[in-house]
Amino acid sequence: MKTKKIKVLKLLFITILSTISLASELFAARKVIMYGKFPCRACAKLKKQLKRNKIKYKFYDMHFNRKRRREMWRKLRAEFPSRRRISYPVIDVNGQILI
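Residues numbered from 1 in each chain as written. Predicted model: local features only at pLDDT ≥ 70, side-chain atom pairs only at ≥ 80, totals over all residues. Heavy atoms only, no water.

Novice: With reference to specific residues and values, describe the pattern of salt bridges.
Specialist: The full count for this structure, using the stated rule, is three salt bridges. Salt bridges here are not isolated pairs; linked through shared partners, they connect Arg68, Glu71, Lys75 and Asp92. (Salt bridge = Lys/Arg side-chain N within 4 Å of Asp/Glu carboxyl O.)

Novice: So what's going on with unusual backbone geometry? Residues and values would help.
Specialist: Comment: phi is negative for the bulk of residues other than glycine, and the bulk of peptide bonds are trans. The omega torsion of the bond from tyrosine 88 to proline 89 falls at 5°, within 30 degrees of zero and hence cis. Position of proline 89 relative to the elements: it lies in the loop between helix H3 (66-79) and strand E3 (90-93). Here lysine 54, not a glycine, exhibits a phi torsion of approximately 55°, which is positive. The residue lysine 54 is located in the loop between helix H2 (41-52) and strand E2 (58-61) in this model. The exposure class of lysine 54 is exposed, given its relative accessible area of 74%. (Helix = DSSP H or I, 4+ residues; strand = E, 2+ residues; numbered from the N terminus. Buried < 20%, exposed > 50% of the residue type's maximum accessible area, 1.4 Å probe, protein only.)

Novice: Which residues make up H2, and what are the values?
Specialist: In a regular helix each residue adds 1.5 Å, so twelve residues correspond to 16 Å; H2 covers 16 Å between its end C-alpha atoms and thus fits that length. Buried residues of H2: Cys43, Leu46 and Leu50, and no others. For H2, the angular spread of the buried residues around the axis is 65°, confining them to a single face. Seen from the buried face of H2, the exposed residues on the opposite side, beyond 90 degrees, are Arg41, Lys45, Lys48, Lys51 and Arg52. (Expected span 1.5 Å × (residues − 1). Arc of directions from axis to C-beta.)

Novice: Describe in detail the nonpolar core, supporting the description with residues and values.
Specialist: Tyr35, Met62, Met72, Leu76, Tyr88 and Val90 are the most contacted members of the largest nonpolar core, which totals 19 residues. Those elements giving two or more residues to this core turn out to be strand E1 (32-36), H2, H3 and E3. When residues of this core are assigned to their parent elements, the largest contribution, four residues, is made by E1. Ignoring anything within four residues of it in the chain, the contact list for valine 90 reads Ile33, Met34, Tyr35, Met72, Leu76, Ile97 and Leu98. (Core = buried A, V, L, I, M, F, W, Y, C linked by side-chain atoms within 4.5 Å. Contact = heavy atoms within 4.5 Å.)

Novice: Could you give me a rundown of H3, with the residues and numbers involved?
Specialist: Across its 14 residues, H3 extends 20 Å between first and last C-alpha, which sits within 8% of the 20 Å expected from 1.5 Å per residue. All of the buried residues in H3 are Glu71, Met72, Trp73, Lys75 and Leu76. Packing partners of the buried residues in H3 comprise E1, E3 and strand E4 (96-98).

Novice: Just give me the short version of the pairing of E1, but keep the residues and values in it.
Specialist: Within E1, five of the five residues are buried, leaving the element largely enclosed by the surrounding structure. In E1, alternate side chains face the same way, and those of Val32, Met34 and Gly36 on one face and Ile33 and Tyr35 on the other are all buried. Relative to E2, E1 runs parallel, the two sharing four bridges. Bridge assignment links methionine 34 to a residue of E2, and that residue is phenylalanine 59. With H2 bridging E1 and the parallel E2, this β-α-β connection has right-handed handedness. (Pairing = 2+ DSSP bridges. Right-handed = clockwise from strand over helix to strand, strands pointing away.)

In structure tokens form, the structure reads like this:
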């Protein structure tokens, strides 16, 4: 039973590492914009991960930047017309929106 759990954990770990490396390659060559809010834990974690992987990005705080908030919603409505509510962070990778 214990060895089965270890094998599953190893497989999960390898999958996570390969996903991170693939994401690093994807983000590295692209323009990354992150829309979020200051007290957002998910935003802070993502910023930390992007910095750790040396991925350049721009962060716009939706509390203070009305122009960027409208820009984000315009992009969201173009890609997801029926979407009315979101959770942060919202990421724009070279024009493709990730929620």
